[in-house]
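One-letter residues, chain by chain:
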Amino acid sequence: MTPLAPAADPRFAEIESHRPYLVRYATAQLRDAALAEEVVQEALVAALEGIAGFGGRSSLRTWLTSILRFKVVDFQRRTIAERARQVQAPEGDESDEGWLDELFDETGHWREPPAAWGDPEAAFEQGRFWETFEGCLGGLSPLAQRVFFKREVLGEETDAICKDEDITSSNCWVILHRARLALRGCLEKRWFGKDASHGG
Amino acid sequence: MADEELDCRAASRLLSLTHERPLTAAEREALRRHLDLCFMCRNFEAQLEVLHAAARRMASR
């Protein structure tokens, strides 16, 4: 999606930097990345128009998210009939546990033992950590990205998420477990591990 | 479950599950016994907390 054209307000660049998070938020709700990009674009245009009304009482991201939330709900209302006719494409059987064999040997031990990561606060202070985190999230399946985002980022209840996604609780748990294993592996490789070269 | 020793594969599943629902007494006990002996799964437990903290931080950064 085209970045917003730079203009007078110095906060334009800052707003733009929140776009990946907002797209992820919208994708979790709308289940369609292209659609999410469109709705985010609408929300960011609205945000720029209303930037004077942002009083700094919350973080910029929280403010942008609240605008986006309205746009998403509005969009869902407009297309509810349309969505009902759409058939969800299955994303493969998530209850198949063959994938665990890549992480654990036949005696059930870690093939690559998790390391001690040290203080995460130092990482959280760095912009590049968040780019890495975003990149690792992007490596998950679309379904896993949505479920993890709703559960861990938005803090929704697991039961509500499963219902939304039309999957059983146990399937949901497997998806989350798999997502966490993948994310920890990715972060260890790219950030926290002794071989990671993030320069931070 | 109470009489069985967990392997890392099963222990990691329970560690992840603690973020979804409270464990049963038997699950907790089996997990505790495994964690007492296994630094790798203790590291995994701490990593899950980092993931959780990072995810929550992401929403308001």
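What you are looking at is a predicted structure, and each value in this text was computed from that prediction instead of being measured. (Residues numbered from 1 in each chain as written. Chains lettered and ligands numbered in written order. Predicted model: local features only at pLDDT ≥ 70, side-chain atom pairs only at ≥ 80, totals over all residues. Heavy atoms only, no water.)

A. Representation of the interface of chain A and chain B within the structure. Counting residues at the interface gives 44 residues for chain A, matched by 28 residues for chain B. Across the chain A to chain B interface the summed buried area is about 3,300 Å²; carbon plus sulfur atoms make up 60%. On the surface where chain A and chain B come into contact, there are 4 salt bridges. A salt bridge links Arg180 of chain A to Glu20 of chain B; its shortest N-O distance comes to 2.8 Å. Linking chain A to chain B there are 19 residue pairs in polar contact (both at pLDDT 80 or more). Elements that contribute at least two residues to the side of chain A that touches chain B include exactly helix H2 (19-30), helix H4 (60-78), helix H6 (120-124), helix H7 (127-138), helix H8 (142-153) and helix H10 (169-192) of chain A. For the side of chain A that touches chain B, the element with the highest residue contribution is H10 of chain A, accounting for 10 residues. (Contact = heavy atoms within 4.5 Å. Buried area = accessible area lost by both parts, 1.4 Å probe. Salt bridge = Lys/Arg side-chain N within 4 Å of Asp/Glu carboxyl O. Polar contact = N/O pair within 3.5 Å; in protein donor to acceptor, adjacent residues only side chain to side chain. Helix = DSSP H or I, 4+ residues; strand = E, 2+ residues; numbered from the N terminus.)

B. Region of interest: the packing of H2 of chain A against helix H3 (residues 33-49) of chain A. All names here are of chain A. As a packed pair, H2 and H3 sit with axes 8 Å apart at the nearest point and diverge in direction by 125 degrees. As the angle between them shows, H2 and H3 are arranged oblique. The handedness of the crossing between H2 and H3 comes out as right-handed. Mapping the contact onto sequence places Arg19, Leu22, Val23, Ala26, Thr27 and Leu30 in H2 and Ala33, Ala36, Glu37, Val39, Val40, Gln41 and Leu44 in H3. Tallied by class, residues from the contact of H2 with H3 come to 9 nonpolar, 2 polar and 2 charged. (Axes fitted to C-alpha atoms, helices over the stretch in contact; angles between N-to-C directions. Parallel < 35°, antiparallel > 145°, perpendicular 65-115°, else oblique. Left-handed = near helix turned anticlockwise from the far one by under 90°. Nonpolar A, V, L, I, M, F, W, Y, C, P; charged D, E, K, R; others polar.)

C. Region of the structure containing the pattern of salt bridges. Inspection of the entire model under this criterion finds 17 salt bridges over all chains. A salt bridge links Arg33 of chain B to Glu29 of chain B, with the shortest nitrogen-to-oxygen separation between them at 3.5 Å. With a gap of 4 residues between them, Arg33 of chain B and Glu29 of chain B both fall in helix H2 (residues 25-37), about one helical turn apart. Shared partners join several salt bridges into a network, and the residues in it are Arg31, Arg146, Lys150, Asp164 and Glu165 of chain A.

D. Local environment of the confidence of the model for chain B. On average, residues of chain B carry a pLDDT of 91, and 93% of them reach 70 or more. Looking across chain B, the model is least confident in H2 of chain B, with a mean pLDDT of 93, and most confident in helix H3 (residues 39-58) of chain B, with 96. (pLDDT = per-residue confidence, 0-100.)

E. How the structure looks around the environment of Arg31 of chain A. Residue and element names in this part refer to chain A. Take Arg31: it is sitting in the loop between H2 and H3. Taking the relative accessible area as the measure of exposure, Arg31 reaches 21% and is therefore partly exposed. A polar contact is formed between the side chain of Arg31 and the backbone oxygen of Asp164, at a distance of 2.3 Å. (Buried < 20%, exposed > 50% of the residue type's maximum accessible area, 1.4 Å probe, protein only.)

F. Fine view of the state of the cysteines. Residues and elements named next belong to chain B. Summed over the entire model, instances satisfying the criterion amount to 1 disulfide over all chains. In this structure Cys8 is not part of a disulfide, and its nearest cysteine sulfur, from Cys41, lies 3.8 Å away. With a relative accessible area of 2%, Cys8 lands in the buried category. (Disulfide = S-S within 2.5 Å.)

G. A look at the side chain of Thr158 of chain A. Tracing the sequence through the fold places Thr158 of chain A in helix H9 (residues 158-165). Beyond its immediate stretch of four places on either side in the chain, Thr158 of chain A contacts Arg151, Cys172, Trp173 and Leu176 of chain A together with Glu20 of chain B.

H. Local environment of the environment of Arg190 of chain A. All names here are of chain A. By secondary structure assignment, the location of Arg190 is in helix H10. On the basis of relative accessible area, Arg190 is assigned to the partly exposed category, the value being 43%. On a C-alpha basis, the gap between Arg190 and Gly135 in space is 9.8 Å, while along the polypeptide they are 55 residues apart.

I. Just the packing of helix H1 (residues 8-17) of chain B against H3 of chain B, in detail. All names here are of chain B. For the pair H1 and H3, the least separation of the axes is 10 Å and the interaxial angle reads 25 degrees. With respect to their mutual orientation, H1 and H3 come out roughly parallel. Crossing angle aside, the handedness with which H1 passes H3 is right-handed. Between H1 and H3, the contacting residues are Cys8, Ala11, Ser12, Leu15 and Ser16 on the first element and Met40, Cys41, Phe44, Glu45 and Leu48 on the second. Of the residues belonging to the contact of H1 with H3, the class tally is 7 nonpolar, 2 polar and 1 charged.

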